[in-house]
Structures are given as structure tokens and as C-alpha cells.
Amino acid sequence: PGAPFCRPKGQRERSAFAWRDAAEVSMEDLLHDDTEELLLQLRRRCICGPFQTAVATLNHLRNVTGRGKWNDVNELLAFIKKLGRRLVEAQPLEMAIASMVGRVLHFIRDCHRAHMEERGQGLGFLANISDAERSGSRSHTGMLRQKSLKDFMLEPEWVSSPSSAVEGGVKTELMRMLTDFRDELLSVQEEIEKQAPEYIHDQSVILTMGASASVQSFLCAAASKGLRFHVIILEGDPQPRRGHSLAALLTKEGIGCTIIPDAALYAIMPRVSQVVVPTRAVMANGGLLATAGTHTVALAAQSFSIPVLCVTGLYKVCPVYPHDLDAFVELGSPAVLQAGLEEAGVPRDQSKRIQMLNPMTDYVPPELVTLYVTDQGGHQPSYIYRLLSDFFSHKDADFYADAG
């Protein structure tokens with residue numbers, strides 16, 4: 001799915017600092033000119049899916065940061081937030097957009113903080129803190145401890161001052177960080193595939209649904225290591241072609257598959273060893289957004305005490321809490337359901353009077369998920385909050401509130 005955005009490694013390295021050769025453009029020109037094409041592609045769903053959306057968003061933010069003419073960190077932060085809100089409005093249910101914008105904002109703050117520390121600026125607030133408190137940022141084991149409320153209160157906000165003015169080294173370092181993050185994003189699936197033998201055991205029975213490329217490559221990687229297992233795939237009505245397409249791809253790799261109707265879920269669940277599902281987004285509370293029907297699968301697995309593994313990259317972690325569940329449910333065209341009624345013998349004039357909803361996504365609470373298999377190892381849903389503090393800044397909470 002990400003092939004249009006992937007380039008050879010050598011080409012990525014050559015273009016890492018291509019922004020230096022381009023003339024700087026005002027931020028407003030970038031907002032009105034270069035952004036319109038991306039907004040149009042998002043609205044028309046030419047770019048869809050978490051991976052394609054994340055790569056397209058990151059590439060655009062990196063291009064804007066490199067080509068844009070900005071002299072102050074606050075100016076850049078405000079512009080990225082403004083641009084991020086427009087991208088989120090174009091496709092609100094693609095949570096990867098808010099995730100990429102938040103990660104870029106965090107990179108900007110980290111890069112500026114590191115630059116100020118090297119210059120000996122921006123640390124004046126430490127003058128009022130004792131040496132014991134300053135050294136207390138690390139625990140007795142030498143590991144970084146989690147920030148306390150006092151740390152957040154003492155951490156200063158940036159203001160327009162000489163300390164927040166941008167020098168050439170800051171922009172160069174920021175572009176290097178964004179380039180490294182882009183390369184890491186393009187290699188997410190490879191890192192997940194390496195962990196497949198750790199979570200899939202020989203002679204196991206795996207239940208899955210949908211036609212996810214992540215799950216497909218995860219299972220194929222396990223089979224390539226000599227593991228023998230059987231996969232049960234839910235048909236995925238009213239779009240059964242998804243389940244059949246996944247079964248065809250796995251069969252080519254020599255993996256035994258069985259397709260069952262959705263109604264046979266509870267009947268087959270006692271024979272299942274584990275459930276492997278994909279996701280579209282990992283929410284801030286540890287829950288996930290996935291294909292419609294995933295919640296039912298997770299409930300059935302919980303009834304029989306069967307572990308539920310979610311294969312996902314960390315780029316899908318989004319700092320948005322699912323306060324209004326209805327707002328995160330994407331509705332598809334009811335034409336598929338209407339065609340099913342006509343095949344069942346219901347007259348067209350009667351089927352048109354029926355109000356039908358075709359949900360495309362489903363929310364699964366964190367208590368129904370056993371483990372997230374990510375590109376950086378396995379994480380329990382309760383650990384997602386710690387990842388949020390590593391990937392995002394609490395100072396951008398206003399943007400996350402608008403995105404949710």
C-alpha cells in the first residue's frame with residue numbers, strides 16, 4: 001500500500017538535504033499553494049489508509065519546514081498547528097494526520113531545547129532550583145524518571161526573544177531529525193515482521209479478519225521461519241471480498257486458511273489459539289479503531305480467555321481520547337446493504353424505505369486488547385500513556401483538542 005511513497009534508500013539519502021537548494025518561500029504562500037493539492041487528495045480519498053496518510057502528511061510537513069521562511073520557533077509552531085488543523089478538517093477520521101503533526105511539533109521543541117542547552121541559553125530557570133533538585137531528574141538507578149507536576153510548572157514557555165531566534169544549525173538539525181523519522185516510518189513493517197516468530201507458535205490456530213497488509217506480512221514472516229499454523233478468516237460481510245482476498249494471498253505462501261461466515265464466530269472461537277487484528281489508530285487511552293466487527297471479535301475472545309494481538313506501527317498512536325465514540329465511526333455507502341436486500345427478494349420500492357447504516361470502523365476498548373505488537377516491541381494497552389509522553393508534548397494540547 002505504501003509503494004507510491006517508497007523510494008530507494010540511496011535516493012532518500014541524496015534528497016535528505018535537498019531543501020537547501022530550494023529558495024525559501026513565505027509560510028503563507030506554502031499554506032495556500034502547496035497545501036491545496038494535498039487537501040484535495042485527502043478529501044477525494046486519493047490518499048487513504050493510515051500508512052499512506054502518515055507518509056504524505058510527514059513529507060508535506062517536512063517540505064514546508066525546509067522551504068518555509070521562518071525566523072522564530074514560535075512562528076514555526078503556530079504555522080504547523082494551523083496547517084495541521086486544515087489537514088485534520090480535510091479528513092477528520094484519519095487519525096494518522098494528527099499523530100504526524102504532533103510528532104513534528106515534538107521534534108521542533110526537542111531540537112530547539114537541545115540547541116539552547118548547547119549554547120547555555122534557555123536554562124536560566126534552573127538557577128532557582130537547587131543542585132539536588134537538578135540532579136534529581138535521574139533516579140538512583142541512572143534512568144530518566146517521569147516528569148512530575150513540578151517539572152511541568154518549572155518548564156518555561158518560549159517567548160519571542162533572541163533565545164528563540166533560529167540559526168542555521170537549528171534548521172539543519174531539525175531537517176535531519178525529520179528525515180530520520182521518515183526513513184524509520186518507511187521501515188516499520190520490516191521491524192514488525194522480525195518479531196513474528198516471537199508471538200506465533202507452531203501448530204497454532206489464528207483468527208483474523210479484514211484484508212490488512214500488516215497482518216498479511218506478519219503471518220507470512222512467521223511462515224517463512226518454518227512455523228506451521230492455520231488461519232481462520234472471517235468473511236467480513238457485507239464486503240466478503242476482503243476476507244477472500246486475504247485468504248488467496250496467504251494460500252500462495254503455503255499457509256492453510258479457512259473462511260467462515262461472521263455468524264460462526266462464537267462457534268469456532270474455542271478452537272482458536274490467538275486472535276490477530278489490524279488497527280487504523282491507537283487512541284490515547286489504549287483503545288483502538290479498527291474495521292467494523294473487531295469489537296465483536298474481541299468480546300468473543302474475552303469470553304473464552306483468548307489473547308488478542310494487534311499488529312500496528314507506533315505511527316498510529318494518536319494523542320486523542322475517544323470521548324464521543326460516535327464521532328470516530330466512519331459510515332460507508334448503504335448501497336451494499338441495499339443490494340443484499342434485493343438479492344434476498346425484498347422489492348426495491350420497499351428496500352428504499354428502510355433506513356440503513358453501514359459502519360466501516362469500530363472502537364475496541366483497551367480492556368479487550370492483550371498486546372500491541374509494534375515496530376519497537378510489544379506493549380500492553382496500559383503502557384500507551386508512556387508512549388504519549390515520549391512522542392508528544394503536553395504544550396500542544398490545544399491542537400489535540402481540536403483534532404479530537
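Residues numbered from 1 in each chain as written. Predicted model: local features only at pLDDT ≥ 70, side-chain atom pairs only at ≥ 80, totals over all residues. Heavy atoms only, no water.

*Asks:* Can you walk me through the overall build of the protein chain in this structure?
*Replies:* When you go through the protein chain residue by residue, the secondary structure sums to 18 helices and 14 strands. Relative to its 404 residues, the protein chain shows a buried fraction of 46%. Pairs at least 24 apart in sequence give 82% of the contacts found in the protein chain among residues at least 6 apart. (Helix = DSSP H or I, 4+ residues; strand = E, 2+ residues; numbered from the N terminus. Buried < 20%, exposed > 50% of the residue type's maximum accessible area, 1.4 Å probe, protein only. Contact = heavy atoms within 4.5 Å.)

*Asks:* What is the right way to read the state of the cysteines from this model?
*Replies:* Between two cysteines, a covalent bond joining their sulfur atoms is known as a disulfide. One pass over the full model with this rule turns up 0 disulfides. With no disulfide of its own, C46 has C48 as its nearest cysteine by sulfur position, at a separation of 8.6 Å. Relative accessible area serves as the criterion here: at 33%, C48 is assigned to the partly exposed category. (Disulfide = S-S within 2.5 Å.)

*Asks:* Sorry, what's going on with the sheet that holds strand β5 (residues 256-260) here?
*Replies:* Within a sheet, each strand pairs with its neighbour through backbone hydrogen bonds, oriented either parallel or antiparallel. The 7 strands are arranged β5-β4-β3-β6-β9-β13-β14 in an open sheet whose pairing can be described as mixed. Looking at the sheet topology across the chains shown, the edges are occupied by β5 and β14 (377-379). For this sheet, the mean inter-axis angle between neighbouring strands, taken without regard to orientation, is 25°. Pairing of strand β4 (residues 230-234) with β5, which is carried by 5 bridges, proceeds in the parallel orientation. If you follow I232 over to β5, its bridge partner there is T258. (Pairing = 2+ DSSP bridges. Axes fitted to C-alpha atoms, helices over the stretch in contact; angles between N-to-C directions.)

*Asks:* Honestly, the packing of aromatic side chains in this entry has me stumped. Any pointers?
*Replies:* Between two aromatic rings, the relevant description is the distance of the centres plus the angle of the planes. Within this structure, the stated rule accounts for 4 aromatic pairs. Both rings, one in Y266 and one in F304, keep their centres 6.5 Å apart while their planes meet at 55°; by these two values the pair is tilted. Of this pair, Y266 sits in helix α13 (residues 265-268) while F304 sits in the loop between α14 (294-303) and β9 (308-311), and the two are 38 residues apart along the sequence. A relative accessible area of 44% places Y266 in the partly exposed class. One residue, R103, lies across the ring of F391, its end atom 4.0 Å from the ring centre. (Phe/Tyr/Trp six-rings, centres within 6.5 Å; stacked < 30°, edge-to-face > 60°. Lys NZ or Arg CZ within 6 Å of the ring centre and 35° of its normal.)

*Asks:* Teacher, can you tell me more about the sheet that holds strand β7 (residues 281-282) here?
*Replies:* Judged by pairing direction, the sheet is antiparallel, and its 3 strands sit side by side in the order β7-β8-β12 without closing on themselves. Two strands bound the open sheet, and with one partner strand each, they are β7 and β12 (361-364). Note that strand β8 (residues 288-291) and β12 share 4 bridges and pair antiparallel. Bridge assignment links A290 to a residue of β12, and that residue is D362.

*Asks:* How should I be thinking about the packing of helix α4 (residues 73-90) against helix α5 (residues 95-119) in this particular structure?
*Replies:* When two helices pack together, you describe them by how their axes are tilted relative to each other and by the distance separating the axes. Taken N-terminus to C-terminus, the directions of α4 and α5 make an angle of 175°; their axes are 9 Å apart at the nearest point. Taken together, the axes of α4 and α5 lie roughly antiparallel to each other. On α5, the residues that touch V73, L76, L77, I80, K81, G84, L87 and V88 of α4 are I97, A98, V101, V104, L105, I108, R109 and H112. Each residue belonging to the contact of α4 with α5 can be placed in one class, and the counts come to 12 nonpolar, 2 polar and 2 charged. (Parallel < 35°, antiparallel > 145°, perpendicular 65-115°, else oblique. Nonpolar A, V, L, I, M, F, W, Y, C, P; charged D, E, K, R; others polar.)

*Asks:* Just checking my understanding: could you explain α14 for this structure?
*Replies:* Structurally, the α-helix is built with 3.6 residues per turn, so residues lying three or four positions apart point the same way. Where α14 is concerned, the buried positions are T294, V297, A298, A300 and A301. All buried residues of α14 fall inside an arc of 160° around its axis, so they share one side. S305 lies just past α14 and shows a positive phi near 55°. (Arc of directions from axis to C-beta.)

*Asks:* For this particular structure, what's the right way to read the nonpolar core?
*Replies:* A general feature of soluble globular proteins is that nonpolar side chains tend to end up buried together. Core analysis: the largest hydrophobic core is formed by 108 residues, its most contacted members being I80, L207, F218, L219, M269 and V275. The element best represented in this core is α5, accounting for 11 residues. Excluding anything up to four places from it in sequence, L219 contacts I200, I206, F229, V231, L250 and I255. (Core = buried A, V, L, I, M, F, W, Y, C linked by side-chain atoms within 4.5 Å.)

*Asks:* Help me understand unusual backbone geometry, please; the structure alone is not making it clear to me.
*Replies:* Trans peptide bonds make up most of the peptide bonds, and negative phi angles are found at most residues other than glycine. For R45, which is not a glycine, the phi torsion comes out positive at approximately 60°. When you line up the elements, R45 lands in the loop between α2 (27-43) and α3 (50-67). On the basis of relative accessibility, which here comes to 29%, the residue R45 falls in the partly exposed class. In this structure, S305 takes a positive phi of about 55° despite not being glycine.

*Asks:* Explain the pairing of β9 to me, please; I cannot follow it from the model alone.
*Replies:* Burial of β9 is two-sided: the residues V308 and C310 facing one way and the residues L309 and V311 facing the other way are all buried. Two elements, strand β6 (residues 274-277) and β9, share 3 bridges in a ladder whose sense is parallel. Pairing of V275 across the sheet is with V308, part of β9. Across 3 bridges, β9 lies against strand β13 (residues 371-374) in parallel orientation. Across the sheet, V311 pairs through a bridge with V373, a residue of β13.

*Asks:* Even after reading the chapter, I still don't get the packing of helix α11 (residues 213-224) against helix α12 (residues 241-252), so can you show me in this structure?
*Replies:* Where α11 contacts α12, the two axes come as close as 10 Å, and the packing angle between them is 25°. For the element pair α11 / α12, the angle class is roughly parallel. Seen along the crossing, α11 lies across α12 with a hand that is right-handed. Residues Q216, L219 and C220 of α11 lie in contact with α12, whose contacting residues are L246, L249 and L250. Among the residues making up the contact of α11 with α12, the classes are represented as 5 nonpolar, 1 polar and no charged. (Left-handed = near helix turned anticlockwise from the far one by under 90°.)

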